[in-house]
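# Topology and contacts: notes
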Amino acid sequence: MKIGFIGAGKMAQALARGLINSGRITAENIIASSPKRDELFLEQCKSMGLNTTHENAEVVQKSDVIFLAVKPVHVSKVASEIAPALSKEHLVVSIALGITIRNIESLLPTKSRVVRVMPNTPSVVRAGASAFAMGSACRDGDAETVERLLSTVGFAVEVPEIQIDPVTGLSGSGPSYMFSVIEGLADGGVKVGLPRDLAIKLAAYTLLGAAKMVLETGIHPAQLKDDVQSPGGSSVYGMHKLESGGLKGILIDAVEAATNRSRATGDKALPRDFRNTEM
Ligand SMILES: NC(=O)C1=CN([C@@H]2O[C@H](COP(=O)(O)OP(=O)(O)OC[C@H]3O[C@@H](n4cnc5c(N)ncnc54)[C@H](O)[C@@H]3O)[C@@H](O)[C@H]2O)C=CC1
Ligand SMILES: O=C(O)[C@@H]1CCC=N1
């Protein structure tokens, strides 16, 4: 299978590296494009062994599956550039924030096979979490193809499209929240006397371990939390501080704010005069 990335930035590179590291796809079967002004992105892709081009249509010509990995504001221009090169044999996978399947379909030739995915950057280390929704012209087997591809870089699940904005608020944006949690825990460790390097490692392993316990034991996180907190012990004192600061409420607010931002981005990112050419 040949994979193309239109847009060669952070998320495209994370997916490409994860795919290559999985051993399922070799770098020479991946091509990525970016405009001349963004040469650095293509240099980074070249150093991974990917093919590169400034021509978005060339990506389509050389790929079976085409990831739209550009910012939402660039989707309609990119779609108009690739539309003439698209055939019914191509699968178009958009990872763009907020842009709906219907919008993308309306920018491409009729019956284009479109999938909307919300991945996240931990795909780079094959610990990603992706949710995907299938477009109206997708064929039998397309969902399996996408699931197989995304599973090589982490967890992948099909959802109704209405859930993609909430997925964005949680797992799409979530790594940024968790990096801040790691940074904050590490700062705490440094404050009480740990060396910075060790504090960062302990914080990261703590998140990794807690996440693995949730996933591998199937036990509810509240029960696992209770199991750490001995009566009158240290953890409940720490927890009291977190809850006094409104930890869970803040996390809920963060997911909701990011979800709303995704919805609003989709509403305003595309022009009204959508193209809809015959294939
Ligand atoms: N960074 C993240 O954690 C995630 C990003 N996304 C989505 O992925 C998309 C890309 O995001 P990032 O990789 O973070 O952005 P980025 O800024 O790192 O990369 C964007 C890429 O698009 C290229 N580009 C701009 N105009 C173009 C055009 N006309 N034709 C071809 N390429 C063009 C840029 O040169 C760059 O290579 C966005 O829609 C974002 O919402 C989705 C999930 C997670
Ligand atoms: O923040 C952003 O715009 C992108 C979408 C999901 C994660 N990063």
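Quantities reported herein were computed from a predicted structural model and do not represent experimental measurements.

Once that is clear, we can look at the packing of helix H7 (residues 164-172) against helix H8 (residues 174-191). Two numbers describe how H7 lies on H8: the axes approach to 5 Å, and their chain directions differ by 25°. Of the possible angle classes, the one that applies to H7 and H8 is roughly parallel. Every residue of H8 that contacts H7 at Gly 169, Leu 170, Ser 171 and Gly 172 is listed here: Gly 174, Pro 175 and Tyr 177. Residues belonging to the contact of H7 with H8 are distributed by class as follows: three nonpolar, four polar and no charged.

Taken together, 26 residues lie around ligand 1, and Lys 10, Met 11, Ser 34, Asp 38 and Val 70 are the ones closest in. Between ligand 1 and the protein, one listed contact pairs an oxygen atom with a backbone N or O atom of Ala 8 at 2.9 Å. Lys 71 places a side-chain nitrogen or oxygen 3.2 Å from an oxygen atom of ligand 1. The protein chains hide 89% of the 830 Å² of surface that ligand 1 would expose on its own. Only helix H1 (10-21) and helix H4 (75-82) provide two or more residues apiece to the shell around ligand 1.

Turning next to the packing of aromatic side chains. Counted by the stated rule, this structure contains one aromatic pair. Measuring from ring centre to ring centre gives 4.9 Å for Phe 5 and Phe 67, while their planes differ by 20°; the resulting arrangement is stacked. Here Phe 5, found in strand S1 (residues 3-6), pairs with Phe 67, found in strand S4 (residues 65-68); they are 62 residues apart in sequence, far enough to count as distant. Just as Phe 5 is buried, Phe 67 falls in that class too.

This next bit is on a nonpolar patch on the surface. The grouping of Met 178, Val 181, Leu 185 and Leu 251 at the surface amounts to a nonpolar patch, some 290 Å² of accessible area in total. If one sorts the elements of the nonpolar patch by residue count, H8 sits on top with three residues. For Met 178, the location among the structural elements is in helix H8. Taking relative accessible area as the criterion, Met 178 reaches 33% and is therefore assigned partly exposed.

Here we take up the UniProt feature "binding site: NADPH" (unreviewed entry) in the chain. This chain's UniProt record puts "binding site: NADPH" (unreviewed entry) on Asn 56. By the secondary structure assignment, Asn 56 is in helix H3 (residues 56-61). Excluding residues within four positions of it along the chain, Asn 56 makes contact with Ile 6, Ser 33, Val 78, Glu 81 and Ile 82.

The next thing to look at is a negative patch on the surface. Side chains of Asp 140, Glu 144, Glu 147 and Glu 158 sit close together on the surface and give a patch of like negative charge. Summarising the element assignment, Glu 147 is placed in helix H6 (residues 142-151). Note on Glu 147: relative accessible area 33%, which makes it partly exposed.

The rules behind the values
All residue numbers refer to positions counted from 1 along the written sequence of the respective chain. Whichever chain is written first becomes A and whichever ligand is written first becomes 1, with later ones labelled in order. Owing to the predicted nature of the model, reporting of local features is limited to residues with pLDDT of at least 70; listing and counting of side-chain atom pairs is limited to 80 or more, with chain, interface and lining totals taken over all residues. Calculated side-chain values reflect all of the structure's heavy atoms, with hydrogen atoms and water omitted. Helix axes are fitted to C-alpha atoms over the stretch in contact, other axes to C-alpha atoms as well, and angles between N-to-C directions run from 0 to 180 degrees. Runs of H or I in DSSP of at least four residues are treated as helices and runs of E of at least two as strands, each being numbered from the N terminus. Note that the term roughly parallel is reserved for angles under 35 degrees, roughly antiparallel for angles over 145, roughly perpendicular for angles of 65 to 115, and oblique for everything else. By definition, residues are in contact when any of their heavy atoms lie within 4.5 Å. Residue polarity follows a fixed list, in which Ala, Val, Leu, Ile, Met, Phe, Trp, Tyr, Cys and Pro are nonpolar, Asp, Glu, Lys and Arg are charged, and the others, Gly among them, are polar. The rule for a residue being near a molecule or strand is that one of its heavy atoms must lie within 4 Å of it. Nitrogen and oxygen atoms within 3.5 Å of one another constitute a polar contact, given that in protein one can donate a hydrogen and the other can accept it, and given that sequence-neighbouring residues count only through two side-chain atoms. Per-residue and other accessible areas were derived by the Shrake-Rupley procedure at a 1.4 Å probe size, with only the shown protein chains allowed to occlude residues. Ring pairs are drawn from Phe, Tyr and Trp, using the six-membered ring of Trp, whenever the two centres fall within 6.5 Å, and their geometry is named by plane angle: stacked under 30 degrees, edge-to-face over 60, tilted for the rest. Relative accessibility decides the category of a residue: with a 1.4 Å probe and only protein chains considered, values under 20% of the type maximum give buried, values over 50% give exposed, and everything between is partly exposed. Only residues whose relative accessible area exceeds 30% and that take part in no salt bridge are eligible for patches, with like-charged residues grouped when within 9 Å of each other and nonpolar side chains (Val, Leu, Ile, Met, Phe, Trp, Tyr) grouped when within 5 Å. Whenever a carboxyl oxygen of Asp or Glu lies within 4 Å of a side-chain nitrogen of Lys or Arg, that contact is scored as a salt bridge. UniProt positions are given in the numbering used here, feature names are shortened, and annotations may be inferred rather than shown by experiment. Charge counting treats Lys and Arg as positive and Asp and Glu as negative, with His and both chain ends excluded. Think of each charge as sitting on NZ of Lys, CZ of Arg, CG of Asp or CD of Glu.

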